[in-house]
Amino acid sequence: MSVARSEAPEARVERLVLEYAQSVPTGRPLDSGLSLQNDLAIESLSLVSLTLRLGDELGVDVVELGIELGGVRTIGDLVAMAKTFTQLKSEQTPNRSDRT
């Protein structure tokens, strides 16, 4: 499945969260303060899977980065993580002119 690279972090996180959530509120976009565990019923192992997938979609190896998931409690936390992953990926991508 190909996902547009230009997908905003908020939209990407919401799409993934909706795949993993056991309890889904009706309003969209999802509020950034929603608790992943309490409001959306995303269990710990599902959060790990969601985070790995988010990193994979953004071209970042979450395991290699040693991301600590203990502080990831809300949708807003995941959006911040997605923005960090995007920034890390852009820093890791070498500029073609630097290779010569």
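Residues numbered from 1 in each chain as written. Predicted model: local features only at pLDDT ≥ 70, side-chain atom pairs only at ≥ 80, totals over all residues. Heavy atoms only, no water.

Caption draft 1: Summary view of the overall build of the chain. Scanning the chain from N- to C-terminus turns up four helices and zero strands. The order of α-helices and β-strands along the chain, N terminus first, is α-α-α-α. Buried positions account for 29% of the 100 residues belonging to the chain. Taking the contacts inside the chain whose residues are at least 6 apart along the sequence as the reference set, 58% of them involve residues at least 24 apart. (Helix = DSSP H or I, 4+ residues; strand = E, 2+ residues; numbered from the N terminus. Buried < 20%, exposed > 50% of the residue type's maximum accessible area, 1.4 Å probe, protein only. Contact = heavy atoms within 4.5 Å.)

Caption draft 2: Quick peek at a nonpolar patch on the surface. A surface patch of nonpolar side chains, about 250 Å² in accessible area, is lined by Val48, Leu52 and Val63. Position of valine 63 among the secondary structure elements: in helix 3 (residues 62–65). (Patch = residues over 30% accessible without salt bridge, like charges linked within 9 Å, V, L, I, M, F, W, Y side chains within 5 Å. Areas by Shrake-Rupley, 256 points an atom, 1.4 Å probe, with all protein chains shown as cover. Salt bridge = Lys/Arg side-chain N within 4 Å of Asp/Glu carboxyl O.)

Caption draft 3: Representation of the nonpolar core within the structure. Val13, Val17, Leu36, Leu40, Ile42, Ile75 and Leu78 are the most contacted members of the largest nonpolar core, which has 23 residues in total. Residue assignment for this core shows that the elements contributing at least two residues are helix 1 (9–20), helix 2 (44–57) and helix 4 (75–92). Of the residues forming this core, the biggest block, six residues, is contributed by helix 4. (Core = buried A, V, L, I, M, F, W, Y, C linked by side-chain atoms within 4.5 Å.)

Caption draft 4: Geometry of the packing of helix 2 against helix 4. Relative to each other, helix 2 and helix 4 sit at 30 degrees, their axes nearing to 10 Å. It follows from the interaxial angle that helix 2 and helix 4 lie roughly parallel. Between helix 2 and helix 4 lies a crossing whose hand is right-handed. Taking contact as the criterion, the partners of Leu47, Leu50, Thr51, Leu54 and Gly55 in helix 2 are, on helix 4, Leu78, Met81, Ala82 and Phe85. For the contact of helix 2 with helix 4, the per-class residue count stands at seven nonpolar, two polar and no charged. (Axes fitted to C-alpha atoms, helices over the stretch in contact; angles between N-to-C directions. Parallel < 35°, antiparallel > 145°, perpendicular 65-115°, else oblique. Left-handed = near helix turned anticlockwise from the far one by under 90°. Nonpolar A, V, L, I, M, F, W, Y, C, P; charged D, E, K, R; others polar.)

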